[in-house]
Structure formats: structure tokens, C-alpha cells
Amino acid sequence: CLFLHDSLTFYCLTADNELLATATFEEGLGGNLTLQGETITLTNETRLIADTFGTGQSGSVTIQGRNIDLSETSQIGTVTFGSGNGGELRVTATESIDIRGHMVSGEDIFFSGLFASAETGSTGAAGIVYVTTPSLSIRDGGTVSVNTFGPGDAGCIVIRACQIEVADPVISSDATISGVVALVL
């Protein structure tokens, strides 16, 4: 587990059940998280997150690789829990991005995915999710999403891909859905 207030850069990553996060708790801009590598593989609930808990904007998350693979409820995102806005999430792969898998725990469903979220109790807006790749596959409960659970905006999703596959969606009892989603509650 690595939790920082400042910026963090990796040049290759295979992570299994890890947390890599940057955050701001006050007025300042949160730190940025950058990953670059040939293949970036996140498994077993790994989280790469930039958060804000205060009035400052969360940092941005930038992922660049040839192939990017998220599975077993691994997630990359930006989140606001306060009045600051969420940062940008930019994910770019020169060959493919594969997002797959979900887990049911009691009445809750957890998805593998890319997201920007304004959580319950926040007043800031969620960030923007940019995805660029020739081939994007979202299946078996995987998701690319922007969400708001407060008065702030849900954010935007911008996808640039030649081929997009969305298969085997999952819908929960509270209408949470996988796939490409903008959710306002």
C-alpha cells in the first residue's frame, strides 16, 4: 500500500491486491499518479486512485502503455469526497485495453474499471475520463464510468477507439450497471 500527498511515477507495473493513491485533504491540488510501461496489469482488487477530501482538486491519473489489463475488480480512478473537484483520468494504450470482472458481496457489486466519481457527502464535481486505444474490451461486469452521489456534476467520458466491445453486462438491484456508464443519484 502506497499513499502519497505528492506526485508518483512508475515506468512498468504488474500489481496484485495493491493500493497506490495520492490525496489532498485541504486547499492544495492533489498529487498526480503516472504509469508508463509496455504492459500494465492490475489484478485482485488493485486500486490506483487520486482523491480529494477537502477544497482542493484531486490530482490527475495518467496511464500509458501498449496493453492495459484490469481484472478481478481492479480500478483506476479519481474521486472527490469533499468540495474540491475530481481530477482527470487519462488512459492510453497503443494496442489494447481489457477491463473485465466483477464481484458480488452481499447486496453490493464491485466492478473492474476506470472511473471518476463524486461520492456521497461531496459537493465537488467528478472528473473526466479519457480513454484512447485501437481496441477497447469491457466485459463480464467491467465498467468505464462517471458518477455523482451528491450535487456536483457527474463528469464526462471521452472514448477514442477503432473497436469497442461491451459484453456480459451486470445490473444490480439498485440499478448499478456495468459497461460505459454515467450515473447520477
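Residues numbered from 1 in each chain as written. Predicted model: local features only at pLDDT ≥ 70, side-chain atom pairs only at ≥ 80, totals over all residues. Heavy atoms only, no water.

Right, let's get into the nonpolar core. With 27 residues, the main nonpolar core has Leu48, Ile63, Ile68, Ile76, Ile97, Leu114 and Val129 as its most contacted residues. Broken down by secondary-structure element, the contributors of at least two residues to this core are β5 (33-43), β6 (47-52), β7 (61-70), β9 (89-100), β12 (113-118), β13 (128-139) and β14 (143-148). Looking at this core element by element, the count peaks at five residues for β9. Filtering out sequence-adjacent residues up to four positions away, Ile68 remains in contact with Ile40, Ile63, Val91, Thr92, Ala93, Ser96, Ile97 and Asp98. (Core = buried A, V, L, I, M, F, W, Y, C linked by side-chain atoms within 4.5 Å. Buried < 20%, exposed > 50% of the residue type's maximum accessible area, 1.4 Å probe, protein only. Helix = DSSP H or I, 4+ residues; strand = E, 2+ residues; numbered from the N terminus. Contact = heavy atoms within 4.5 Å.)

Attention shifts here to the pairing of β14. Of all six residues in β14, six are buried; the element is thus mostly enclosed. Going residue by residue along β14, you find Thr143, Ser145 and Asn147 tucked away on one face and Val144, Val146 and Thr148 tucked away on the opposite face as well. Inspection of the sheet shows β12 paired to β14 by six bridges, in the parallel sense. Bridge pairing in β14 places Ala118 opposite Thr148. In terms of strand pairing, β14 meets strand β16 (residues 179-184) through six bridges, oriented parallel. Paired with Thr143 across the two strands is Gly179, which belongs to β16. (Pairing = 2+ DSSP bridges.)

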